[in-house]
Structure formats: structure tokens, C-alpha cells
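What follows is the residue order along each chain.
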Amino acid sequence: MKQIEDFKNKKVLVLGLAKSGESAARLLDQLGALVTVNDGKPFDENPTAQSLLEDGIRVICGSHPLELLDEEFELLVKNPGIRYDNPMVEKALAKGIPVWTEVELAYLVSEAPIIGITGSNGKTTTTTMIAEVLNAGGQSAKLCGNIGFPASDVVQGATDKDTLVMELSSFQLMGVETFRPHIAVMTNVMPTHIDYHGSFEEYVAAKWHIQDQMTDQDYLVLNMNQELAKDLAAKTQATVLPFSTTEKVDGAYLEDGQLYFKGELIMSADEIGVPGSHNIENALATIAVAKLSGIDNKVIKETLSHFGGVKHRLQYVTEIRKVRFYNDSKSTNILATQKALSGFDNSKVILIAGGLDRGNEFDELVPDIIGLKAMVILGQSAPRVKRAAEKAGVDFVDATDIADATYKAFALASEGDIVLLSPANASWDMYPNFEVRGDLFLSTVATLKESI
């Protein structure tokens, strides 16, 4: 880590804790900043704040007092989930105080080159694939960012012999200024998080910050299955490296069931360790990065063939009485579920779906669920999901929660079938996040297996 002087004796406000806020506060303190942490959770219920205070970092908890910003702070580092219409953020911006996310801090002190991955779907899987391929090829790749390991924490132990493989959300990318990855990947861009960004155009603009500082010495890996990506490719200084499953491009592509990079055969698509058309796209993006990084074709093939997926992202769980279980709790929108279903024979799938009601219908999902063996439907959006099932001619049953849904799905299954949790909805009507929802599915499957 670079020991920079940029923050020495500068007053910095860290807004919001969680993992990234704590990491940012500790890094800034280490760099000599005069750090104040402000978090909404009361101090006596906030062990992270208590720990920071014990280490000499000022903390203000329980509320967000606007007058705090009258203390002449020179920088505000906010939790990515805090919106820009938050009164504290609005006042900081009105006072001309820069507002960053901790990704910018990590970049400023990083000795390691950065590979940044963003997109609407496939970010975590692609990030993990890339790290596994690089490590298998003898390089030292460190996962960080939105994948659960704060970049400002991981960077402290990284040297110029490492590579930071960083998953980046649109929320994080809105808070960067000088951030410049050597390689950037945009898996795809679909309408999501519009409630945060206000419009699809603003969402795309947030994602596009990933390449703001890139030059022709850097590489931007884009999914040419999307017309949007073709438009964006003309609007960057970076060297664009395309990938596609629909056409032969000057990069990574699918042709006759085989994956190629600039004419070199890498592997067969059906050798990828995880199913689904979306994972072919993820593998192609990974191949592009791996080839840029000098990884041998044999290593790429072996690693992707043994790739077992990522927890909650079309994760193979186990088999019970020759019924296979897959946990795809991360599928919080229709597109993600469509892609999950593309890897299976619908006639053998019992799909568990439903969750937070965002007011949208599921007509787009109808062509993808036609022929399903059955559906188990739950959550606020159940009436809307049921309408889609009826249009598709699919039988369904109701469930009260994920545990109930898992038992009912197994009861409907026969030898050779698949129970797939791929909700097409966010979890917040019943569970704090998709991880909790997925963990309950995993624990229920484990209990079911023990009882057989």
C-alpha cells in the first residue's frame, strides 16, 4: 500500500458504517486524516462504532445531524447505499465538499493493478471466475469490492505483485473521481436500481464511470450482445475488447458451441462448470481478461471447467433421491431468472419464485416458464407471478416462506428433476437480503437431506 500524504491532518467525514465504512475510517485514520464517523444506529447497539471509538476515532451515532457538516470537512466518504438525495449528502455537495465511496480511497493507495467488473447481472460470478483463473495461472488475484471484501481493507495487504479483482456496483462508481482500472469489464446493463438512480440513463451513466479515466493503454471488455454496448464502445478512450455469444467478434466469442478468443479455440461451452447462457457470457468475459493477463489456454479451460459457481448465484447445492437443488437467490429480477432457466430442461424444473412486489407484471417471464413441471410461489408479488404462471399454462402451489416452498417443491419432484430457487424478485418483503433468503434455502435443503 502506498503511504500517501493526501489526507494528513484533513478533516474527513465517513457517513454510514457497515463493512465499507469501517474499512474507510480505519484506512483514513492510518493515513493521518482527522476522521469523524457518523452512523444512524445507536451507539449502544453499534459494536463497530464502539470498536472505532476504542481505537481513537471520533464517532457520532443515532442520528445524522446536519450541523455536523458545519465543521469544515474537506471530504465525505459515504456508504454506497446512501442515496444522493440524503440530506447529509445534499448539504455536503451544496458546500462543495467532495463525496466519494471507499473505492476511490482504495485506488489512491493501491500498489496493485486493478481489474474492475461491473454490470447488472453476472458481476459476482465473473469477478470470481477471473480471480480463480488468474490464481490458477500463477498470479496473485485478490477479490474485493461489492463482492463482500471492502477494497479499502483488501488494498492494505496488497503489493505490486498482486492484482485487485474488484466487483463494482453503480452506487460505488458514482463516488469515484480518479479511479482507473487497467482492465474493466461491463457484463451487461439492464434496467434495474431505477428507484435509486431515477432513470435508466442515469443508471447507465453511473456504470460508465468505470472507464472515465481509462486511456488507450487500458482495456474495456464489453458485451456486444447488447446494442447499448456497441454505442458505448464509441464513447471511450480505452481499447475495447468485445465478447459475444451471437456474432464472431475480434475478442472472445461463441461459435458452433465452442468458445474462442481471436480465432483460438479455448474450450467447449458445455464444459463450463455452471449451467446457463449467462454463464457462457461470464466465461467469455473471463477468457478476454485471462488472455489480456497472459494466462495459458489450458489453465483457462481447466479452471472454468471446474468452476462451481458462487453462493446464491445458480449455486449447485446437493442431490436428494436424484433430485438436484440449485440456489439462485441472487436472481432478484426477471432477466436473472430467465438466464438461470436457460441452463435447464423446463420439463424437469420445479421453480420457486416470488418476493417483493415492485408493481411490475411478469409477462416477460412467460415464454421462459412455459413447460415447467411446476412452480412454488410466495411473497408479496405472488398474485402477479401466478398470473404469469397461468398464462404459461404452468401448475403452481402457494408457499408461506422459503422453508415451506422448499419442502413443497421437493414433494412435487421426481427422480431426475431439479428444484430451482430463482425468485425473479427482491427479498425485502420477507428477508433482509437475498443472502438470508438463500441461506434459509440451503439450511432447509440440509435438514431435508438429513431426514431422508
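Model, not experiment: these values are computed from the prediction. (Residues numbered from 1 in each chain as written. Predicted model: local features only at pLDDT ≥ 70, side-chain atom pairs only at ≥ 80, totals over all residues. Heavy atoms only, no water.)

Q: Could you give an account of the pattern of salt bridges, with specific residues and numbers?
A: Pairs can form between side chains of opposite charge whenever their charged atoms are close. Counted under the stated rule, the structure contains 22 salt bridges. Linking Arg384 and Glu361 is a salt bridge whose minimum nitrogen-to-oxygen distance equals 2.6 Å. Here Glu361 lies in the loop between strand S17 (349-353) and helix H14 (366-369) and Arg384 lies in helix H15 (residues 382-392), a separation of 23 residues in the sequence. Residue Asp417 is joined to Lys373 by a salt bridge in which the shortest nitrogen-to-oxygen separation is 2.5 Å. (Salt bridge = Lys/Arg side-chain N within 4 Å of Asp/Glu carboxyl O. Helix = DSSP H or I, 4+ residues; strand = E, 2+ residues; numbered from the N terminus.)

Q: Break down the packing of helix H5 (residues 123-136) against helix H12 (residues 297-305) for me, citing the residues and quoting the values.
A: Packed helices, taken two at a time, are described by the angle their axes make and the gap between the axes. Direction vectors running N to C along H5 and H12 enclose 130°, while the axes themselves pass 9 Å from each other. Regarding the angle of H5 to H12, the classification is oblique. Crossing handedness for the pair H5 and H12: right-handed. Taking contact as the criterion, the partners of Met129, Glu132, Val133 and Ala136 in H5 are, on H12, Val299, Ile300, Thr303 and Leu304. Partitioned by chemical class, the residues of the contact of H5 with H12 number six nonpolar, one polar and one charged. (Axes fitted to C-alpha atoms, helices over the stretch in contact; angles between N-to-C directions. Parallel < 35°, antiparallel > 145°, perpendicular 65-115°, else oblique. Left-handed = near helix turned anticlockwise from the far one by under 90°. Contact = heavy atoms within 4.5 Å. Nonpolar A, V, L, I, M, F, W, Y, C, P; charged D, E, K, R; others polar.)

Q: Can you lay out the sheet that holds strand S1 (residues 11-15) for me, pointing to particular residues and giving the numbers?
A: In space, the five strands of this open sheet follow the order S3-S2-S1-S4-S5, with parallel pairing throughout. Looking at which strands have only one partner, the edges of the open sheet turn out to be strand S3 (58-61) and strand S5 (99-100). The sheet contact formed by strand S2 (residues 34-39) and S3 spans four bridges and is parallel. Counterpart to Val37 in the pairing with S3 is Val59. (Pairing = 2+ DSSP bridges.)

Q: I'd like a description of the environment of Pro87, backed by residues and values.
A: One can find Pro87 in helix H3 (residues 87-94). Overall, Pro87 belongs to the partly exposed group, its relative accessible area being 47%. (Buried < 20%, exposed > 50% of the residue type's maximum accessible area, 1.4 Å probe, protein only.)

Q: Please set out unusual backbone geometry residue by residue, giving values where relevant.
A: Backbone geometry at His312 places phi at a positive 75°, although glycine is not the residue there. Relative to the helices and strands, His312 resides in the loop between H12 and strand S15 (315-320). Backbone geometry places Arg321, a non-glycine residue, at a positive phi of 50°. When you line up the elements, Arg321 lands in the loop between S15 and strand S16 (323-327).

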